[in-house]
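# Overview (structure and organization)
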Amino acid sequence: MQHDSCKDDILKRLKRIEGQVKGIYKMVEQDKCCSDILVQVAAIRAAINKVGGLILENYSRNCIKDAVKKKDEEETINELIDIVLKFIR
């Protein structure tokens with residue numbers, strides 16, 4: 001992570017996701033309606049995808065720039081492609 005504001009945003013989002021997961025845990029324990037639980041699971045999935053997107057954006061803007069200076073450009077591009085493919089699967 002390069003920027004503190006980006007890091008803080010990601011950490012806040014992860015804390016919120018942690019709370020959502022705990023909420024789902026309680027819902028399952030209390031035998032809540034499956035459709036309500038699935039709505040919460042979908043919300044967590046969307047939130048974690050947003051976090052991943054922010055990290056990928058930061059990686060692309062900062063880490064790749066630094067890597068290009070230190071390594072072969074082609075190797076760095078291949079590394080970025082590999083990471084993007086892992087993220088979208």
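See the structure above.
To start, this report covers the structure provided alongside it. (Residues numbered from 1 in each chain as written. Predicted model: local features only at pLDDT ≥ 70, side-chain atom pairs only at ≥ 80, totals over all residues. Heavy atoms only, no water.)

## Observations regarding the overall build of the protein
On a plain count of helices and strands, the protein comes out with three helices and zero strands. Reading the protein from its N end, one meets helices and strands in the order α-α-α. Rg of the C-alpha trace for the protein: 17 Å, well past the compact-globule value of 12 Å for 89 residues, more than 25% over. Pairs at least 24 residues apart make up 60% of the contacts formed inside the protein by residues separated by at least 6 positions. Split by element, the accessible area of the protein, about 6,800 Å² in all, is 56% carbon and sulfur. Counting 17 positive and 15 negative side-chain charges, the protein places the averaged centre of each group 5 Å from the other. (Helix = DSSP H or I, 4+ residues; strand = E, 2+ residues; numbered from the N terminus. Rg over C-alpha atoms; globule rule 2.2 N^0.38 Å. Contact = heavy atoms within 4.5 Å. Areas by Shrake-Rupley, 256 points an atom, 1.4 Å probe, with all protein chains shown as cover. Lys, Arg positive; Asp, Glu negative; His and termini not counted. Charge placed at Lys NZ, Arg CZ, Asp CG, Glu CD.)

## Considering unusual backbone geometry
In this structure, Asp 31 takes a positive phi of about 55° despite not being glycine. Structurally, the position occupied by Asp 31 is in the loop between α1 (4–29) and α2 (34–70). The class for Asp 31 is exposed, based on a relative accessible area of 70%. (Buried < 20%, exposed > 50% of the residue type's maximum accessible area, 1.4 Å probe, protein only.)

## As for the packing of α1 against α2
Two numbers describe how α1 lies on α2: the axes approach to 10 Å, and their chain directions differ by 160°. For the element pair α1 / α2, the angle class is roughly antiparallel. Note on packing geometry: the crossing formed by α1 with α2 is left-handed. Counted by class, the contact of α1 with α2 contains 17 nonpolar, three polar and four charged residues. (Axes fitted to C-alpha atoms, helices over the stretch in contact; angles between N-to-C directions. Parallel < 35°, antiparallel > 145°, perpendicular 65-115°, else oblique. Left-handed = near helix turned anticlockwise from the far one by under 90°. Nonpolar A, V, L, I, M, F, W, Y, C, P; charged D, E, K, R; others polar.)

## Digging into the packing of α2 against helix α3 (residues 73–88)
Relative to each other, α2 and α3 sit at 175°, their axes nearing to 11 Å. Taken together, α2 and α3 sit at an angle that is classed as roughly antiparallel. Between α2 and α3, the residues in contact are Asn 49, Gly 52, Gly 53, Leu 56, Tyr 59, Ser 60, Ile 64, Ala 67 and Val 68 and Thr 76, Glu 79, Leu 80, Ile 83, Val 84 and Phe 87, respectively. Taken together, the residues of the contact of α2 with α3 sort by class into nine nonpolar, five polar and one charged.

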